[in-house]
Amino acid sequence: MNPNSKGTALITGASSGIGAVYADRLAKRGYDLILVARSEDRLKALSARLAEETGRSAEVVVADLNERADLARIEQVLRSDASITVLVNNAGIGMSGDLAGADPDRLESMIQLNVLAPSRLALAAIPGFVARGRGTLINISSVLALAPERFNGSYSGTKAYLLNLSLRLQQEVATKGVRVQVVLPGATRTPIWEKAGTDIASLPPSIVMDVDEMVDAALVGLDRGETVTIPSLPDIADWEAYEAARQNMIPKLSLSTPAVRYRATAASAMRAHG
Ligand SMILES: NC(=O)c1ccc[n+]([C@@H]2O[C@H](COP(=O)([O-])OP(=O)(O)OC[C@H]3O[C@@H](n4cnc5c(N)ncnc54)[C@H](OP(=O)(O)O)[C@@H]3O)[C@@H](O)[C@H]2O)c1
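From a predicted model like this one, the values you see are computed outputs, not experimental measurements. The written sequence of each chain sets the order in which its residues are numbered from 1. Residues qualify for local features only when their pLDDT is at least 70, as the model is predicted, and side-chain atom pairs are given and counted only at 80 or more; totals for whole chains, interfaces and linings, by contrast, use all residues. Just so you know, side-chain values use all the structure's heavy atoms and leave hydrogens and water out.

### Quick notes on helix H4 (residues 104-132)
So the rule is basically this: Secondary structure elements follow DSSP: runs of H or I of four or more residues count as helices, runs of E of two or more count as strands, with numbering from the N terminus. Every helix has an expected span of 1.5 Å times one less than the residues it contains. Two axes define the bend at a residue: one fitted to the seven residues ending there, one fitted to the seven starting there, and the bend is the angle between them.
The end-to-end C-alpha distance of H4, which contains 29 residues, comes to 41 Å, matching closely the 42 Å that a straight helix rising 1.5 Å per residue would cover. In H4, a bend of some 30° at glutamine 112 exceeds every other bend along the element. Where H4 terminates, the next one or two residues include glycine 133, which has phi positive at roughly 65°.

In C-alpha cells, the structure reads:
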C-alpha cells in the first residue's frame, strides 16, 4: 500500500447512528471504507452518497455479527486485507428495564454483539496492524461503563468490558505503531434508544448529545492521542483523578493477607454465632 494513503477503515454498525457518522467523517478524512451491518439498503445508500461526495470507495459488506459464519467472514476480511488501517468496533444494541425481568435471549444476543464480536474483530485486526507497524482500533464503549447504577447493568457491563479490553490492549501495542482508542459516549441521539424500548424524548435534553457532535468530539480525542475519550466530560481532571485513584489501588488489590478489618477476632466470632 502507498504509505501516503490513509488506507481503509472498516466500520461495524455503519448503517445508522454513530457508525454512519464515522463513515462520513472518515471518508472526508481520506479513508476508503468497508461498511458492515445487516441493512443492505441503508449501507448501499450511504456508500453511494459518500462515493459521490468524497470520491472514496465504500464497499458494502452485509453481515449479522450475531451469526458465527458472518462474524468469521468479517474476521477474514480484517486478516487478509492489508489496506485496512482502521477498525471501528461500533455495532451494538442496548437493553432497557430492570435486569431481573429481562429477556435472556435478548441478553445473550447483546453480549454476543457488544462483547464477543468486537473482541474477535479486534483479535483479527491487531496482528496485521502490529506486523505493518500501523493501525488504529476504535472501540465504542459508553459512559455507562463507569455508571452501572444508571441503566441496565448488563448493557453497562458489556461496555465496561470494552473499556477494560481497550486499556490493556493499548498497553500491549503502544510501542508497535498501533493505536487503541476507547470512546465513552453519553446519551447520544440515535435510533438505539427506540430499538431498546426507551423513548429518547423521555430523557432530559440537557443529557443528550447530537450524534454529529459526539463523533466529531471523539475524533478530536483521537487526534489528540487519547486512549480514553469521554466527549461529554467537561473537565478532564475528573477522569484523571478517577484514574489516579484506581492506579493507587492496583498494587494493594492482591496481597497475601486479608486486610485488618477482615481479620476474625474472638469477639466477632462470638457476635456472629451467638
Ligand atoms: N446512542 C447512544 O446513546 C450511545 C451511547 C453510548 C454508546 N453507544 C454505542 O454506540 C454504538 C452505536 O450505537 P448507535 O447509538 O449508533 O445505535 P444505532 O443507530 O442503533 O446503530 C447500531 C448499529 O449496529 C448495527 N447492528 C445492530 N445489530 C447488528 C448485528 N447483529 N450485526 C451487525 N450489525 C448490527 C445496526 O445496523 P443493522 O441494524 O443494519 O444491522 C446499526 O448500524 C453501540 O455500540 C452503542 O452501544 C450509543
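Anyway, onward from the coordinates.
### Considering the packing of aromatic side chains
Aromatic ring pairs: the centre-centre distance and the angle between the two ring planes describe each pair. Counted only if it meets this: For Phe, Tyr and Trp, where Trp contributes only its six-membered ring, two rings pair if their centres lie within 6.5 Å, and the inter-plane angle classes them as stacked under 30 degrees, edge-to-face over 60, or tilted in between.
One pass over the structure, following the stated rule, counts 3 aromatic pairs. Summarising the aromatic geometry, the rings of phenylalanine 151 and tryptophan 193 are spaced 5.8 Å apart at their centres and angled 70° between planes, so their arrangement reads as edge-to-face. One end of the pair, phenylalanine 151, is in the loop between strand S5 (135-140) and helix H5 (153-173); the other, tryptophan 193, is in helix H6 (residues 192-195), with 42 residues separating them in the sequence. In textbook terms, an aromatic cluster arises when at least three aromatic residues are bridged by ring pairs, as seen for Phe151, Tyr155 and Trp193.

### Section: the packing of H4 against H5
Where we set the bar: Axis definition: a line fitted to C-alpha atoms, limited for helices to the stretch in contact. Angles are taken between N-to-C directions and run from 0 to 180 degrees. Here roughly perpendicular refers to angles of 65 to 115 degrees, roughly parallel to angles under 35, roughly antiparallel to angles over 145, and oblique to all remaining angles. Note on definitions: a residue-residue contact is assigned when non-hydrogen atoms from the two residues lie within 4.5 Å. Residue polarity is assigned by list, with Asp, Glu, Lys and Arg as charged and Ala, Val, Leu, Ile, Met, Phe, Trp, Tyr, Cys and Pro as nonpolar; anything else, Gly included, falls into the polar class.
Running from N to C, H4 and H5 point in directions that differ by 10°, and their axes come no closer than 10 Å. Between H4 and H5, the interaxial angle falls into the category roughly parallel. Across from Leu107, Met110, Ile111, Asn114, Val115, Pro118, Ser119, Ala122, Ile126 and Val130 in H4, the residues of H5 making contact are Ser154, Tyr155, Thr158, Lys159, Tyr161, Leu162, Leu165, Leu169 and Val173. The residue inventory of the contact of H4 with H5, partitioned by class, reads 14 nonpolar, 4 polar and 1 charged.

### Observations concerning the site of the ligand
For clarity, the cut-off: Near is defined per residue: the residue qualifies when any heavy atom it owns lies within 4 Å of the molecule or strand. Pairs of N or O atoms within 3.5 Å make up the polar contacts considered here, provided that, within protein, one atom can donate a hydrogen while the other can accept it, and that residues adjacent in sequence are counted only when both atoms are side-chain atoms. Computed by Shrake-Rupley with a 1.4 Å probe, the accessible areas treat only the displayed protein chains as cover when residues are assessed.
Every one of the 31 residues lining the ligand counts as a neighbour, but Ser16, Ser39, Tyr155, Thr190 and Lys195 are closest to it. Take glycine 13: an N or O atom from its main chain is 3.0 Å from an oxygen atom of the ligand. Arginine 38 is positioned with one of its side-chain polar atoms (N or O) 2.7 Å from an oxygen atom of the ligand. Here the ligand loses 97% of its free accessible area of 880 Å² to cover by the protein chains. No other element matches H6, which puts 3 residues into the shell around the ligand. Of the residues assigned to the shell around the ligand, the class counts are 14 nonpolar, 13 polar and 4 charged.

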